[in-house]
Structure formats: structure tokens, C-alpha cells
Amino acid sequence: EVLDTGLQKTKKSVIDKITHAIAGKSRVDDEVLDNVEGALISSDVGIDTTLEIISRIEARVAKEKYVNTSELTSILKEEISALFAGDPTETEGFVFPDDHKPFVIMVVGVNGVGKTTTIGKLAYQFKQAGLKVVLGAADTFRAAAVDQLCIWGERAGVPVIKQQMGSDPASVAFDTVSHAVASGADVVIIDTAGRLHNKVGLMNELTKIKNVMKKVVATAPDEILLVLDGSTGQNAFEQAKQFIKATDVTSLAITKLDGTAKGGAVIGISHELNVPVRYIGLGEQINDLQPFNNREFVESLFE
Ligand code: GDP
């Protein structure tokens, strides 16, 4: 299926590393566990999450006395899945409330991570699901950003609200939400500029956008979606931590997992950040965005 194909590079890399880690050994012992630890860390899983996985396996080996290395992949799959067991944030994509509309999604993330593409893919999915969608081009700093969003709006068949280059992003957001209310739209997706190098500036701008939208729809924003480039592995993880400090991020989308061997990062990000991963990007086409599920991801990785 799509997930398996999309994750091919990561899968191959992880399986190769695990195979290497147990090469020539029939029993899971300290040396094998050390090797597996190294394999997970170098697969971008994240140090804390890796240590947690290893200590789970250690406990299991201590209990079962003799564990054959041939069982290791399935043990890894079980123990990593168990990390996510009962995760209250586990879900498949956004959950739309039935007590109000429009559902307002503000999208944040640094330039180049795939923000515009993700917005286009989401708009398309929601439209296909029968929802009425409006996009807002509140990244007014780059002409290319507005143009790109308009291209995606056309592809998805949804309107894009924009103003002149350099205009106030909060004003664009206000217009977009107002347009959505007036036209009875179900979903609003607002693109914002991603300038992490100026954290205070970014914080102020995002706060202003939020406050202005609330004047039109008190519940807005329903979601602040942070888009991360999965092909940057641990960098994506660090970037997420910084954004979470700058604003109240409620969900994550991790892009470009199709072209990378660093998809293991999703495990650490999902486990450690306390912000649910809602979507993953597996290609450049309009259909290449999947609602994310922790356990499905792990299943697919170790299959
Ligand atoms: P933005 O600057 O964050 O808005 O980034 P864009 O949406 O313009 O995307 C930057 C580049 O990443 C474009 O070439 C996209 O086609 C590409 N891209 C975005 N998402 C994905 C994905 O899931 N997989 C792949 N392979 N490429 C992607």
C-alpha cells in the first residue's frame, strides 16, 4: 500500500541496520542490544526514545532468558508499538467538531518544508470529502508563496483569499475567515510566513493573526498545524521544539518521507513531543498526504 511504498527508503535503511546489528549472533545479549541502540539512533529515532525502546527489550530479554536474534524485528515492532499504546492523541487526521464551523487551521513552519504543498493536499482531501474550503495567503512576505498557494487552490478547486505583497498577514487572515463565514465554508486553512530566525517577531505575528481571527470566529484557530520536513531527520525534531516554544502548536504534519531514509525520526517526534502527528507527506502529488497513525507506521516500518 501507499505507506509501504512511500516509506521504502526508511524501511530498507532500518532493516539493513538491524540486520547488521545482529549479524553473526544467535542470541540477544548486551552486545546485540548496544548494536541495536546504535542502529536506532543512526536511523534518527531520537536518543530518548531509543533508550526507552532498548530498556523495554532489555526487560523482556531478562524475563525470557534466551531470546533469539531472529525474533528481534518482531520484538522491536511490538515494543515500539507498545510505546504508543493507549496514546490519547492517536488518531487519523483532523477530527472536525460538529458544534461549530468554520474549522480554522493555521499552518506554520519554515520555508521549504512543504507548507504550501501540504495546504494544497489538505484542501483537496477536504473538498473531496464534500467540505467547503477557503485558503488564506497570509504569507505576504514572499510573492512566490502567494502564487504557489493560488496554484494549489486551483488544483484543489478552492478559493484563495489574498492581498498585495507586504500587506498585514493578520488582515489577510481576517478577510479569509470573514469570507468563510459569509460563504458558509466548513474549513479555513491559513498559510503563514515561516521566519524562525526571529522568534519574538514570529510569536507576535502569529498571536496577532490568532487574535484577529477570533474577532470573526471565537473558536479560531481550531488547529495550529506545524509542518516539518521529515527528510531532515533530527533537525525536524529540533525545529519542532523551537516552534512549540514560540506558539501553541496543536498538531504536526511531516513531509517528504518518500525521498528519505530518515523516516525513523517520526517515531521520536511522535513519542516525545506531546503534539500529535496528524498527517505525513509521501510525495509531491495532490494525493500524497496520508492521515497518520502511530501503530500503522511502526507496522509498516518493520514489516
Ligand atoms: P514551503 O516553502 O514550505 O511552502 O514548501 P513547498 O510546499 O513549496 O514545498 C517545497 C518543495 O518540497 C516542493 O518542491 C514540493 O514539491 C516538495 N514537497 C512537499 N511535500 C513533499 C512530500 O511529501 N514529498 C516530496 N517528495 N516532496 C515534497
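Residues numbered from 1 in each chain as written. Predicted model: local features only at pLDDT ≥ 70, side-chain atom pairs only at ≥ 80, totals over all residues. Heavy atoms only, no water.

**Q** Hey, could you run me through the overall build of the protein in this one?
**A** Secondary structure assignment for the protein yields twelve helices and eight strands. A globule of 303 residues ought to have a C-alpha radius of gyration of about 19 Å, and the protein, at 21 Å, matches this closely. Taken over the C-alpha atoms alone, the protein extends approximately 65 × 40 × 35 Å along its principal axes. The 303 residues of the protein split such that 54% are buried. Nonlocal contacts in the protein, meaning residues at least 24 apart in sequence, comprise 76% of its contacts between residues at least 6 apart. Within the structure as shown, the protein displays about 12,900 Å² of accessible surface, and the carbon and sulfur contribution to it stands at 50%. Of the charged side chains in the protein, 31 are positive and 41 negative; the average position of the first set lies 4 Å away from that of the second. (Helix = DSSP H or I, 4+ residues; strand = E, 2+ residues; numbered from the N terminus. Rg over C-alpha atoms; globule rule 2.2 N^0.38 Å. Buried < 20%, exposed > 50% of the residue type's maximum accessible area, 1.4 Å probe, protein only. Contact = heavy atoms within 4.5 Å. Areas by Shrake-Rupley, 256 points an atom, 1.4 Å probe, with all protein chains shown as cover. Lys, Arg positive; Asp, Glu negative; His and termini not counted. Charge placed at Lys NZ, Arg CZ, Asp CG, Glu CD.)

**Q** What's the story with the pairing of strand S2 (residues 133-138) in this structure? I'm lost.
**A** Walk down a regular strand and you will see the side chains alternate between the two sheet faces. Most of S2 is tucked away, with six of its six residues classed as buried. As paired strands, S2 and strand S4 (residues 187-192) are joined by six bridges and run parallel to one another. Pairing of Val134 across the sheet is with Val188, part of S4. As judged from the two bridges shared by S2 and strand S3 (residues 160-161), these two strands associate in the parallel manner. Among the inter-strand pairings, Leu135 is bridged to a residue of S3, identified as Val160. (Pairing = 2+ DSSP bridges.)

**Q** Whenever I open this one, the environment of Leu273 confuses me. Can you help?
**A** The residue Leu273 is located in the loop between helix H11 (265-272) and strand S7 (277-281) in this model. The buried category is assigned to Leu273, whose relative accessible area is 12%. Separated by 32 residues in the primary sequence, Leu273 and Lys241 have C-alpha atoms spaced 7.5 Å apart. If we ignore the near neighbours within four places in the chain, the residues touching Leu273 are Phe237, Ala240, Lys241, Ile244, Leu252 and Gly268.

By themselves, these are just geometric observations and shouldn't be taken as functional.
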